Amino acid sequence: MMFDIAGKRFRFFLISGVVILIGVISLVVFGLRPGIEFSSGSMLTVNFEQEVDQGELKQELASLGYANAIIQRTGQGDFFIRTGELTGEEKAQLEEALAARFGATTEREFYSVSPMVAAETAHNAVIAVAVAAVGVLLYITWAFRRMPNPFHYGTCAIIALVHDVVVVLGIFSILGGILDWEINLMFITGVLAVIGYSVNNTVVVFDRIRENLRKGVSSDFEVVVNNSLVETLSRSLNTSLTTLFVVLALLLFVGASILNFAVVLLVGIIVGTFSSLCIAPSLLVVWEKGEWGRFVRRPARA
Amino acid sequence: MPRRNTLVFIIVLMLFAFAISALIYPLFGRESIRLGLDLQGGIHMVYKADLSQVEPGEEASVIEGVMEVMSNRINPLGVTEPIIQKQGKDRIMIELPGIDITDKDKERLSRVAILEFGELAADEEEAKWENELGRWKPATALIDGEEKALTSRYFKENTYIDRDDLGRIELLFEWDEEGSKLSEIITGRLIGKPMGIFEGGEPLLGEDGIPIAPIVQSTIVDRGVITGLSYNEATSLSKQLNAGRLPVPLEILYDQTVSPLLGADFIDMSLKAGLIGIILVMLFMIVYYRLPGVLASLALIFYGALVLAIFKLVPVTLTLAGIGGFVLSIGMAVDANVLIFERMKEEFRTGRTLGAAIEAGFNRAWTAIRDSNVTTIIVCIILYWLGSSIVASAPVMGFALTLLIGVVISMFTAIVVTRTLLRLFVGSPVAKKTSLFSAYLGRK
C-alpha cells in the first residue's frame, strides 16, 4: 500500500485541533467585523490623481470628524473609506474637503446601507445559512440511507463541514483583527459555496467506502477506508487543484471588490479537501473502532 | 454504436456552432451579454416612501404616483434601460445602468420639492442655510391656520426658459392656487429684501457662481422668474420641475453608485481571470491525462461557449460575483471529467479493453457525479432565494445563478461531449498508439 492515510488519523486531528484552537481564540478576542451590508454605513471608493499617504488620509478624515473611518488601499491605488451612514450632503462635503487637501479626486464607487436594510439583510442571511444547513443535512441523510450505519456517515460529514466553517471563520477573524477585513454578503456566499464543495468531496470518498464495503475488500474497516481514500485520492486532489487554479486567477486578477470571496474560497477549498480526506473518514474509523478514549489518553502499547 | 455516436457528435458540433454564433451575432434581440451595475456602472437605489400622512387605502395609488414622477425625472437623464419597481408596501427600487450621474442629479430624483425659498433669519433665529449672503431660514406663511414653506412643490408643471432683454437666461414658472396665496403673503412681506433660493442644503448658484438671491421688487402672485442661471443648469432644472411633484417624502434606504470607468476596469480584469483560469485548467488536464485531457479541454471550450451563450440569451445579468461563479464553475466543470478518467484508469487496470474501460468509466462514475453536484445545486438554490429576499441582492443572485447554470451544463458536457469525443477516438487508428493513454492508464 502506498499511503496510509487512515493510520495517521490522530496526527490529522492534532493539526485540525491546533488550527481550530487558534481560530476560536481569535474569534473570542477579535470577533468578526460586520460589513456595512450587515451593520449599515457608507463606503466611498475614491481615487486621487496624486500619490496619497494612507496615514495622512486617516489624519485628514479624523480632522473632518470621521475618526472611526476605516481606510483600505486597493491594488489599483484606490482607497476604500468606510464610515457611518452618510447623507448626500455629508458625502459632498467630505469629497470637497478631500479634494481641497489632496488634489483632484474621482469617486469610483459609493455604497450606502441604512440600518433598516442592514438589519433585514443580516436576518435573511442567518435564515439562508440555517436553511442551507438543513438542506445539506437532509441530503446527507438521503445520500447515506443505504450505508450500514447511516447516522455515523451523516454525522462525520457534518463534523467535517462544521470544521471547515470554523476554520474559515477563525481565519477571517484574524484577518479582521489585523487588516480590518469585514464579513459581507459575498463572504456568506463564499462560505455556502465552500459548504457545498466540502460535502461534495466527502460524499465522493464515502461513496467509495460504501462500494468497497459491499465488495468485501477487507474485514478490517480501517483497511477498507484507507483503500477507498487511496483510490479516490488522485480525483480529490486533481479536482481541488483545478478549482484552486481558477480561484487563484480570480484572486490575482479581479482584485479588491471580491477579494473576501476569493480568499474564503481559497481557504475553504484547501480546508475542505483536507477535511474530506483526513478528518471525515478518520472519524468514521474512530467511531467504528470505539477509539474515542484515545483523544484523551495515549493507547496502551500491545 | 458508431453510427449513433457520429450523430451525437454532429449534434454537439451544431450546438457549438450555435453557441459561438449566438455569442458573436445579435440573436433574439440580444446584442451582447447584459452586464450588472458593478460592471457597467450606474446607480441602484432603494427608497422608502413616508406614508404616515397618507389616508389608509390610498397607499398603493400614492406609491404609483411617486413612481410616475420618478420615471418622469429619470427620463431626461437618457438611461437606456431604467428599472423602476415597487418593492413591498412602501419601497421603490430604481436601477439606472450605465449612467454617470452627478450627486446633484441623483438627489433631485428623490426630493419632494427641488427648490426651496428662504428669507434672512434674525440674529436670534435658527438658520437652515448659511452662505456669503447671510443666514437664511425657510420663507413661510400661515394658510388656513397652518404654517407652510414656500417651495417648488407649488409650481405648475409648465416652467420654461427664455432670455431677458439683457440676454440673460430666465426660468419662468407659475404658482398653483396654494402657491399663489403663499407667494402673495411672503413677497408682500419681503419687498426690498432678498429672497434666497436653495436646492437641498446648497444655494442655487448663478452662471457667475454667486448664489441667486433677488431683491423682491413687488408682490408676486401668479408667476415668477429666476434669472441668472447657466443655460444647461436652467434646462435641466426646468425638466426636473416639469416632471412633477412627489406626493410624499422619500428616504434613501440603499444606495449603490458605481462609476462606469470602474466597471470597465473590472470587465478587463475578470476576462483575464477567466482566460488564465481556463488555460491553467486545460494545461493541467493535458499534462496529467494526455489525450483524454486534450478531449476534456475541447469539452471545456465547448462548455465555456455554451454557458456564455446561455448567459446572453436568457439573459443572465452578469455581475462581478457572477463572473466569480462562472470562473469557479470552470474549475468544477472538469471534476466530472476527472471522476470519469480516474474510473477509466481503474477499469483499464482490471484488464478491460480501452473501449470497455471507457464505457465502464462513464457508467460507474455517473452516480458519483450526480451525487456530488447535488450539494452545490442545493446551495445555489438557497443562495438565489436569499438574494431575492434582500435589497443588496445582485452579487448573491448573480453568483448563485451562474454557478447553477455552470454545474448543470458541466454535467452535460462531461457526460455527452467528452464521451462522444473519446468514442470517436477509440474507433480511430490513434487509439492504437497507447502511449497517448498509457501514461495515465498505468498499464504498459
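Counting of residues starts from 1 at the beginning of each chain's written sequence and follows it residue by residue. To read the labels, note that chains go from A and ligands from 1, taken in the order they are written. Local features in this predicted model are restricted to residues of pLDDT 70 or higher, and side-chain atom pairs are both shown and tallied only at a pLDDT of 80 or more, whereas totals for entire chains, interfaces and linings draw on every residue.

Chemist: Honestly, the overall build of chain B in this entry has me stumped. Any pointers?
Modeler: Helical segments are the DSSP runs of H or I of at least four residues, strand segments are the runs of E of at least two, and each set is numbered from the N terminus. The helix and strand tally for chain B stands at 12 helices and 14 strands. We compute the radius of gyration over the C-alpha atoms and compare it with the globule rule, which gives 2.2 Å times the number of residues raised to the power 0.38. Relative to the compact-globule value of 22 Å for 444 residues, chain B shows a C-alpha radius of gyration of 33 Å, a clear excess of over 25%. Principal axes of the C-alpha set define a box for chain B whose edges measure 105 × 50 × 40 Å. Within chain B, counting contacts between residues at least 6 apart in sequence, those at least 24 apart form 71% of the total. A pair of residues counts as a contact when their C-beta atoms, built from backbone coordinates, are within 7 Å of each other.

Chemist: Would you mind going over the nonpolar core with me for this structure?
Modeler: As used here, a nonpolar core is made of buried Ala, Val, Leu, Ile, Met, Phe, Trp, Tyr and Cys residues. They are joined through C-beta atoms within 7 Å. Comment: burial labels come from other C-beta atoms within 10 Å of the residue's own C-beta, placed from the backbone, where a count of 20 or more is buried, 12 or fewer is exposed, and between is partly exposed. Counting residues in each nonpolar core, the largest one holds 179 residues, and the members touching the most others are V168(A), L265(A) and L383(B). The biggest single contributor to this core is helix α9 (residues 259-289) of chain A, with 18 residues. The contact partners of V168(A), leaving out residues within four places of it in the chain, are V191(A), V194(A), V264(A), V267(A), G268(A) and V271(A). In this structure, L171(B), M195(B), I197(B) and F198(B) belong to the second largest nonpolar core, which totals 26 residues.

Chemist: Please clarify how the domain arrangement of chain A should be interpreted in this entry.
Modeler: Many structure descriptions define interface size as the accessible area lost when the parts assemble. Note: domain ranges come from an automatic or database domain assignment. With domains assigned, chain A is organised as domain 1 (6-35 + 117-295) and domain 2 (41-113). The straight-line distance from the C-alpha centre of domain 1 of chain A to that of domain 2 of chain A is 38 Å.

Chemist: Is there a simple way to think about the interface of chain A and chain B in this case?
Modeler: Across the contact, 57 residues belong to chain A and 56 residues belong to chain B. Listed by contribution, the elements that provide at least two residues to the side of chain A that touches chain B are α4 (88-102), β4 (105-113), α5 (115-143), α7 (185-215), α8 (221-253) and α9 of chain A. Residue type decides the class: Asp, Glu, Lys and Arg count as charged, Ala, Val, Leu, Ile, Met, Phe, Trp, Tyr, Cys and Pro as nonpolar, and the leftover types, Gly among them, as polar. Residues of the side of chain A that touches chain B, tallied by class, amount to 32 nonpolar, 17 polar and 8 charged. Relative to strand β14 (residues 250-258) of chain B, β4(A) is paired through 5 bridges, and the arrangement is antiparallel. Residue pairing for β14(B): Y111(A) is matched across the bridge by Q256(B). Only when DSSP finds a minimum of two bridges between them are two strands counted as paired.

Chemist: Help me understand the packing of α5(A) against α7(A), please; the structure alone is not making it clear to me.
Modeler: Angle between the axes and distance between the axes: these two values describe a pair of packed helices. Residues and elements named next belong to chain A. Here an angle of 0 to 180 degrees is reported between the N-to-C directions of two axes, which are lines fitted to C-alpha atoms, with helices fitted over the stretch in contact. Running from N to C, α5 and α7 point in directions that differ by 5°, and their axes come no closer than 11 Å. In terms of their interaxial angle, α5 and α7 are classed as roughly parallel. Each of T121, A125, V129, A132, V136, I140 and A143 in α5 lies in contact with α7, whose residues at this interface are L185, I188, L192, I195, V199 and V203. Class assignment of the residues belonging to the contact of α5 with α7 gives a composition of 12 nonpolar, 1 polar and no charged. Under this scheme an angle from 65 to 115 degrees is roughly perpendicular, one under 35 degrees roughly parallel, and one over 145 degrees roughly antiparallel; angles in between are oblique.

Chemist: When you look at unusual backbone geometry in this model, what are you seeing that I'm missing?
Modeler: If a residue is not glycine, its phi is most likely negative; likewise, a peptide bond is most likely trans. All names here are of chain B. Each neighbour pair has its own omega, and for V314 with P315 the value is -5°, a cis peptide bond. Along the chain, P315 falls in the loop between α8 (291-313) and α9 (320-349). Backbone geometry places D144, a non-glycine residue, at a positive phi of 50°. With respect to the helices and strands, D144 occurs in the loop between β7 (140-143) and β8 (146-149).

Chemist: How should I be thinking about the environment of V285(A) in this particular structure?
Modeler: Residues and elements named next belong to chain A. Topologically, V285 is positioned in helix α9. For the pair V285 and R210, spaced 75 residues apart in the sequence, the C-alpha separation amounts to 13 Å. Sequence-distant contacts of V285, that is, excluding residues within four places in its chain, are made with A6, R9, F221, E222 and V225.

Chemist: Honestly, α9(B) in this entry has me stumped. Any pointers?
Modeler: Each α-helix winds once per 3.6 residues, and so residues spaced three or four apart point in a common direction. Residues and elements named next belong to chain B. A helix is expected to span 1.5 Å multiplied by its residue count minus one. Look at α9: 44 Å from first C-alpha to last across 30 residues, which is about the 44 Å you get at 1.5 Å a residue. If you look at α9, its biggest bend is around 30°, right at I330. Within α9, 28 of the 30 residues are buried, which leaves the element mostly enclosed by the surrounding structure. Where α9 ends, the next residue or the one after it, G351, has phi of about 105°, a positive value. Working definition for bend: take the seven residues up to and ending at a residue and the seven starting at it, fit an axis to each, and measure the angle between the axes.

Chemist: How do you make sense of the pairing of strand β1 (residues 42-49) of chain B when you look at a structure like this?
Modeler: Side-chain direction in a regular strand flips from residue to residue, so the side chains alternate between the two faces of the sheet. Residue and element names in this part refer to chain B. In terms of burial, β1 is largely enclosed, as 8 of its 8 residues are buried. What you see with β1 is no split at all: G42, H44, V46 and K48 on one side and I43, M45, Y47 and A49 on the other are buried throughout. Inspection of the sheet shows β1 paired to strand β3 (residues 91-97) by 7 bridges, in the antiparallel sense. Paired with H44 across the two strands is E95, which belongs to β3.

Chemist: Can you walk me through the sheet that holds strand β10 (residues 169-174) of chain B in this structure?
Modeler: Hydrogen bonds between backbone groups are what pair the strands of a sheet, and the pairing can be parallel or antiparallel. Residue and element names in this part refer to chain B. Pairing is antiparallel across the open sheet formed by 3 strands, whose spatial order is β9-β10-β13. Two strands lie at the open edges of the sheet, namely β9 (160-163) and β13 (223-227), each paired on one side alone. Between one strand axis and the next, the sheet turns by 30° as a mean value, whatever way the strands run. Of the strands in this sheet, β9 and β10 are in contact with helix α6 (residues 231-242), which crosses β10 at around 15°.

Chemist: Any chance you could explain the sheet that holds strand β4 (residues 116-120) of chain B here in plain terms?
Modeler: All names here are of chain B. Spatial strand order, β5-β6-β4-β11-β12: 5 strands in an open sheet with antiparallel pairing. A strand with exactly one partner marks an edge of an open sheet, and here the two such strands are β5 (129-131) and β12 (202-203). Bridge analysis of strand β11 (residues 196-199) against β12 gives 2 bridges, and the strand direction is antiparallel. Across the sheet, residue E199 finds its bridge partner in β12, namely E202.

Chemist: Honestly, the domain arrangement of chain B in this entry has me stumped. Any pointers?
Modeler: Residues and elements named next belong to chain B. Per the domain assignment, the segments making up chain B are domain 1 (2-37 + 259-441), domain 2 (39-106) and domain 3 (116-254). Taking only C-alpha atoms, the centre of domain 2 and the centre of domain 3 are 24 Å apart. On the side of domain 3, 14 residues touch domain 2, which itself brings 17 residues to the contact. Mapped by element, the contributors of at least two residues to the side of domain 2 that touches domain 3 are β1 and α3 (59-74). Taken together, the residues of the side of domain 2 that touches domain 3 break down into 10 nonpolar, 3 polar and 4 charged.

Chemist: What is the right way to read the confidence of the model for chain A from this model?
Modeler: A score from 0 to 100, pLDDT tells how confident the predictor is in each residue. Across chain A, the average pLDDT comes to 85, with 95% of residues at or above 70. Averaged pLDDT values over the elements of chain A bottom out at 84 in strand β2 (residues 70-73) of chain A and peak at 92 in helix α1 (residues 9-29) of chain A.

Chemist: I would appreciate a short explanation of the pairing of strand β2 (residues 83-87) of chain B in the present structure.
Modeler: Residues and elements named next belong to chain B. Judged from the 5 bridges that link them, β2 and β3 form a sheet pairing that is antiparallel. When the bridges of β3 are listed, Q87 appears paired with R91. Two successive antiparallel strands, β2 and β3, enclose a turn made up of 3 residues, where G88 displays a positive phi of approximately 65°.

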